[in-house]
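A look at the structure
One-letter residues, chain by chain:
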Amino acid sequence: MADGLGLSPRATDDTPETHAAPEGSPRPSDAPAPAPEADESAGEGTSADHESDRPHGGHQQPAPPADPHEPEEPDAGHAPPAFHGDHRTLAHSSAPKNPPPQSPQPRGGLLMGRPFGVPVYVAPSWFLVAALITWVFGGQLDRVLPELGAARYLVSLFFAVAFYASVLVHELAHTVAALRFKLPVRRIQLQFFGGVSEIEKEAETPGREFVLAFVGPLLSLILAGLFYLAMQPVEPGTVPGVLLAGLMVSNLIVAAFNLLPGLPLDGGRMLRAVVWKITGKPMSGTIAAAWVGRALAVCVLIGLPLLTQSGALGSSAEDNVGMDTVMDALLAAILAAIIWTGAGNSLRMARLREHLPDLRARTLTRRAVPVETDTPLSEALRRANAAGARALVVVDAEGTPLSLVREAAIVGVPEHRRPWVAVSGLAQDLTDGMRVSAELAGEDLLDALRATPATEYLVVEQTGEIYGVLSAADVERAFVKAMARPS
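Residues numbered from 1 in each chain as written. Predicted model: local features only at pLDDT ≥ 70, side-chain atom pairs only at ≥ 80, totals over all residues. Heavy atoms only, no water.

Topic: the overall build of the chain
When helices and strands are counted, the chain shows 12 helices and 14 strands. Within the chain, the proportion of its 487 residues that are buried is 51%. As presented, the chain carries roughly 21800 Å² of accessible surface, and 63% of it is formed by carbon and sulfur atoms. (Helix = DSSP H or I, 4+ residues; strand = E, 2+ residues; numbered from the N terminus. Buried < 20%, exposed > 50% of the residue type's maximum accessible area, 1.4 Å probe, protein only. Areas by Shrake-Rupley, 256 points an atom, 1.4 Å probe, with all protein chains shown as cover.)

Written as structure tokens, this is what we have:
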């Protein structure tokens, strides 16, 4: 056994061991196991999905393994780099025989419904923005309809809710298109400055990518047209007239903003699809659209306050002083940060997807030695060291695998007690989800491991024969190594 289990000085973390894999089949890898060190906890970042906020709508492309901090530094834990969840590094864990179930994943706010089977959540940040819209629109109503008095804030609140209902329609357009292309959608979330549709997989062709991105702004334009038609028979100076005009303008802004050709906006997805079509390389499209997105972020940061101060947006320059100037600069900074961060996340996720095929169960698997339930730990380790194996599988008298001996549990047993500790007391019972095919690779492998979080998995051939044991920590190290390579 390797030093990763703290059992034998014959191999170091930098010294690969040999395997006696079946003739004609690839050999399981000997990715070095971690030495026991201090605990490193990892928390969840957001979406995937570190999920970038999309101003006023937009769909979010999938993130294979989500990056709790950044894709370059996925959190260590019971599963490989995953979209969500708090985990601990394999060798640093001292989990009980049957680890408790993980805490429920954050759902993203208040569940509002499941149109088309996709849950829709309202994030807590939405209430802050709704209050801000109510206050700002209420001030405008006071100038247009002063007779409303305090009731103007009730009308403003209705406008805020109706506006986000329009954003929801925008997101549902992305969702319906994704489902039409058989792309799973995890959820829709209404949040700060808009909404996001979390689509779990990438479109297979640039044409589908273009359609998937374009349907959102298209629906916003259609809504703007419908509100314009509804305005025609309504008196302009009335509450319905002001509301309809406000909703028409806001949907036009949503459509125009999302059509800007930079990630993470829908226009950026469309630009990515065009470059992808021309070059035949999705990564080239992502790079182009992401850098345009960063340029847009700079333009918003500098240009929005200048436009406001110049009076080009409808107010006189003399009025745009004091607190209004600060608010405009703050709004520009928030929008620019959202766009810049979203563009960077898109680049990282594209690089991640490019390197995913490097993660293969067959090449990451450790060779395992089968031992019966009552075998002393010291004897099991002696057999493993003699065979050059780095994992233990507990089997019954017929050789059927029952459980996996956890590496962290072995590390926690002092050497002088190992002759009196049976391997069954350190093992985790096998479940169906802990048996993975040796043929799994890339996103399929991560999906299988993410569905059943554990520290080790039994890897089997298509015939059901034991191939070895896959450590979640090895998958994480391979993932980080792949992400460190240039695209």
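What to know about the sheet that holds strand β14 (residues 466–471)
Read across the open sheet, the 3 strands follow the order β12-β13-β14; overall the sheet is mixed. Since the sheet does not close on itself, it has two edges, and those belong to β12 (435–437) and β14, each with one partner. This sheet shows a mean twist of 35° between the axes of neighbouring strands, independent of strand direction. (Pairing = 2+ DSSP bridges. Axes fitted to C-alpha atoms, helices over the stretch in contact; angles between N-to-C directions.)

Points about empty space enclosed by the protein
The volume enclosed by the largest cavity comes to roughly 90 Å³. Lining the largest cavity we find 13 residues, and of these R390, A391, V405, E456 and V469 sit closest to its centre. Contributions of two or more residues to the lining of the largest cavity are made by β9 (391–395), β10 (401–405), α10 (407–411) and β14. Here the lining of the largest cavity is built from residues that sort into 7 nonpolar, 1 polar and 5 charged. (1 Å grid on protein atoms, 1.4 Å probe; cavity = no way out; pocket = protein on both sides within 12 Å on 5 of 7 lines; lining within 4 Å. Points joined across faces, edges and corners; volume = space filled by probe spheres on them. Nonpolar A, V, L, I, M, F, W, Y, C, P; charged D, E, K, R; others polar.)

Side note on the sheet that holds strand β8 (residues 368–372)
Reading across from one edge, β8-β9-β10-β11 is the order of the 4 strands in this open sheet, with mixed pairing throughout. Two strands close off the open sheet at either side, each with one partner strand: β8 and β11 (427–429). Here the average twist between neighbouring strands, direction ignored, is 35°. In this sheet, β11 lies alongside β10 in antiparallel orientation, the contact comprising 3 bridges. Note that in β11 the partner of S403 across the bridge is D429. Running over the sheet, helix α9 (residues 377–387) touches β8 and β9 and is turned about 150° from β8. (Contact = heavy atoms within 4.5 Å.)

Re helix α11 (residues 442–451)
Since the α-helix turns once every 3.6 residues, residues separated by three or four places project in the same direction. Those residues of α11 that fall on the buried side of the exposure criterion are G442, E443, L445, L446 and L449. Relative to the axis of α11, the buried residues are bounded by an arc of 155° and lie together on one face. (Arc of directions from axis to C-beta.)

Examining the confidence of the model for the chain
Put simply, the chain has an average pLDDT of 77, and 74% of its residues get 70 or more. The low-confidence segment residues 1–57, where pLDDT is below 50, has 195 contacts with residues more than four positions distant or belonging to other chains. Residue range residues 61–106 is modelled with pLDDT below 50. Its contacts to residues more than four positions away, or to other chains, number 162 contacts. (pLDDT = per-residue confidence, 0-100.)

Examining the pairing of strand β13 (residues 456–460)
The buried count for β13 comes to 5 of 5 residues, which makes it a mostly enclosed element. Residues E456, L458 and V460 of β13 are buried on one face, and the alternating residues Y457 and V459, pointing to the opposite face, are buried as well. Taken together, β13 and the strand that follows it, β14, pair antiparallel across an intervening segment of 5 residues, in which G464 is found at a positive phi of about 95°.

Looking at the pairing of strand β7 (residues 194–199)
Consecutive side chains of a regular strand alternate in pointing toward one face of the sheet and then the other. Within β7, 6 of the 6 residues are buried, which leaves the element mostly enclosed by the surrounding structure. Burial of the side chains of β7 extends over both faces: G194, V196 and E198 are buried on one face and G195, S197 and I199 on the other. Note: strand β6 (residues 185–191) against β7, 6 bridges, orientation antiparallel. Note that in β7 the partner of I188 across the bridge is S197.

What about the packing of aromatic side chains?
Counted according to the given criterion, the structure contains 6 aromatic pairs. Judged by centre distance (6.5 Å) and plane angle (15°), the ring pair of F159 and F163 falls under stacked. Within this pair, F159 and its partner F163 are both found in helix α2 (residues 152–180), separated by 4 residues, close to a single helical turn. For F159, a relative accessible area of 8% corresponds to the buried category. With a centroid separation of 6.2 Å and an interplanar angle of 25°, the aromatic rings of F210 and F214 are classed as stacked. With F210 and F214 both in helix α3 (residues 206–231), this residue pair falls 4 residues apart, about one helical turn. One Lys or Arg, R294, reaches over the ring of W340 and ends 5.1 Å from the middle of that ring. Over the ring of Y467 we find R362, and its NZ or CZ is 4.9 Å from the ring centre. (Phe/Tyr/Trp six-rings, centres within 6.5 Å; stacked < 30°, edge-to-face > 60°. Lys NZ or Arg CZ within 6 Å of the ring centre and 35° of its normal.)

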